[in-house]
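Residue-level listing of the chains:
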Amino acid sequence: MKEKIIETIRKYNLLENCKGLVLCISGGADSMSLLHFFSKNKGLFDIPFVVAHVNHGLRAESVDEEAGLKEYCKDSNISIEVLHADISGTKPKGKSTEEYARDVRYAFFEKVRSKYGYTHIATAHNADDNSETVLFNLIRGCGLSGLSGIPIKRDDGIIRPLLRCSKKEIYKYCEDNGIFFYTDKTNFENVYTRNIIRNEIIPVIEKINPSFNDSVARLSETSEVE
């Protein structure tokens, strides 16, 4: 997977004119893989980075997750910025918890980027996330732009180095490299539409087409061009 990430970064010029990187790390397998990659391959890119972590205050486990990530960064001599958010207590009426939490996260990432004078923000979205997004958009009745899924890079400097890596590859990468990570059990609760897509719909599709993620990635790229 290391080679795939390097290929993705170079193919899409993800670090072009990059003067510093904010790594958005939740503590899950995806983001810990992202952190491990950049911490172990500093010589490849010679770009400074800082970890940004948001404790949403929504789960009891988030306390241990924050502590574990801080310890990891301390042991690895990596700078980390943490936000303690009160999502439940500050969420405006009419906005979903998921949407509001996302807004809070990205506002914090921007704040960290400005504080350090960096140019780029890296999130750990992967190929499975992109497939979920495209299906979600289709179900809602999207136009062609909805088929483009999650952009691998945006004009505002947000990049997704893991977007061509599947969840299976990420778990294997963690296993091979002894990377610890936390599992958010709410991801397996079919409360949100995205969870239903992830846990029930996509597994059925993959029985028909095991390369579904790759098919969606090609569709997304074609939609971006058009």
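Residues numbered from 1 in each chain as written. Predicted model: local features only at pLDDT ≥ 70, side-chain atom pairs only at ≥ 80, totals over all residues. Heavy atoms only, no water.

Visitor: Whenever I open this one, the overall build of the chain confuses me. Can you help?
Guide: Looking only at helices and strands, the chain features 10 helices and 5 strands. Judged by the C-alpha coordinates and their principal axes, the chain covers about 45 × 40 × 35 Å. With 226 residues in all, the chain has 46% of them scored as buried. The long-range share in the chain, meaning contacts at least 24 apart out of those at least 6 apart in sequence, stands at 73%. When the accessible area of the chain is evaluated, it comes to approximately 12,100 Å², of which 50% is carbon and sulfur surface. In the chain, the 31 positive side-chain charges and the 33 negative ones have mean positions that sit 2 Å from each other. (Helix = DSSP H or I, 4+ residues; strand = E, 2+ residues; numbered from the N terminus. Buried < 20%, exposed > 50% of the residue type's maximum accessible area, 1.4 Å probe, protein only. Contact = heavy atoms within 4.5 Å. Areas by Shrake-Rupley, 256 points an atom, 1.4 Å probe, with all protein chains shown as cover. Lys, Arg positive; Asp, Glu negative; His and termini not counted. Charge placed at Lys NZ, Arg CZ, Asp CG, Glu CD.)

Visitor: I would appreciate a short explanation of the sheet that holds strand β2 (residues 49–55) in the present structure.
Guide: Two orientations exist for strands paired in a sheet by backbone hydrogen bonds: parallel and antiparallel. Reading across the sheet, the 5 strands line up as β3-β2-β1-β4-β5 and stay open at both edges, with parallel pairing between neighbours. The sheet terminates laterally at β3 (80–84) and β5 (158–159), the two strands that pair on one side only. Taken together, the 3 bridges between strand β1 (residues 21–24) and strand β4 (residues 120–122) define a ladder with parallel strand orientation. The residue bridging L23 from the neighbouring strand is A122, located in β4. Here helix α2 (residues 29–40) sits on the sheet and contacts β1, β2 and β4; the angle it forms with β1, its principal contact strand, is near 145°. Along the sheet face, helix α4 (residues 62–75) touches β2 and β3 and points at about 165° away from the line of β2. (Pairing = 2+ DSSP bridges. Axes fitted to C-alpha atoms, helices over the stretch in contact; angles between N-to-C directions.)

Visitor: What is the right way to look at the nonpolar core in this model?
Guide: Across soluble globular proteins, nonpolar side chains have a tendency to be buried as a group. L15, L21, L23, L35 and F38 are the most contacted members of the largest nonpolar core, which has 36 residues in total. Within the residue set of this core, elements represented by two or more residues are α1 (2–11), β1, α2, β2, α4 and α8 (167–177). With 6 residues, α2 is the largest single contributor of residues to this core. When sequence neighbours within four positions are dropped, the list of residues in contact with L15 reads I9, L21, F38, F45, I47 and I159. (Core = buried A, V, L, I, M, F, W, Y, C linked by side-chain atoms within 4.5 Å.)

Visitor: What is the right way to read a nonpolar patch on the surface from this model?
Guide: A cluster of nonpolar side chains, namely I139, I196 and I201, defines an oily patch on the protein surface of about 240 Å² accessible area. Within the element layout of this structure, I201 appears in helix α9 (residues 193–208). A residue is classified by how much of its surface remains accessible, and I201, at 33% relative accessible area, is partly exposed. (Patch = residues over 30% accessible without salt bridge, like charges linked within 9 Å, V, L, I, M, F, W, Y side chains within 5 Å. Salt bridge = Lys/Arg side-chain N within 4 Å of Asp/Glu carboxyl O.)

Visitor: Can you walk me through the side chain of S31 in this structure?
Guide: Within the fold, S31 resides in helix α2. Looking at S31, its side chain comes within polar contact range of the main-chain nitrogen of S26, at 3.1 Å. With sequence-adjacent residues up to four places away left out, S31 is seen in contact with C24, I25, S26 and A124. (Polar contact = N/O pair within 3.5 Å; in protein donor to acceptor, adjacent residues only side chain to side chain.)

Visitor: Explain unusual backbone geometry here, please?
Guide: The backbone of D46 shows a phi angle near 50°, a positive value even though the residue is not glycine. Examined against the element boundaries, D46 turns out to sit in the loop between α3 (42–45) and β2. On the basis of relative accessible area, D46 is assigned to the exposed category, the value being 70%. Although it is not a glycine, N77 adopts a positive phi angle of roughly 55°. Relative to the assigned elements, N77 resides in the loop between α4 and β3.

By themselves, these figures tell us nothing about what the structure is for.
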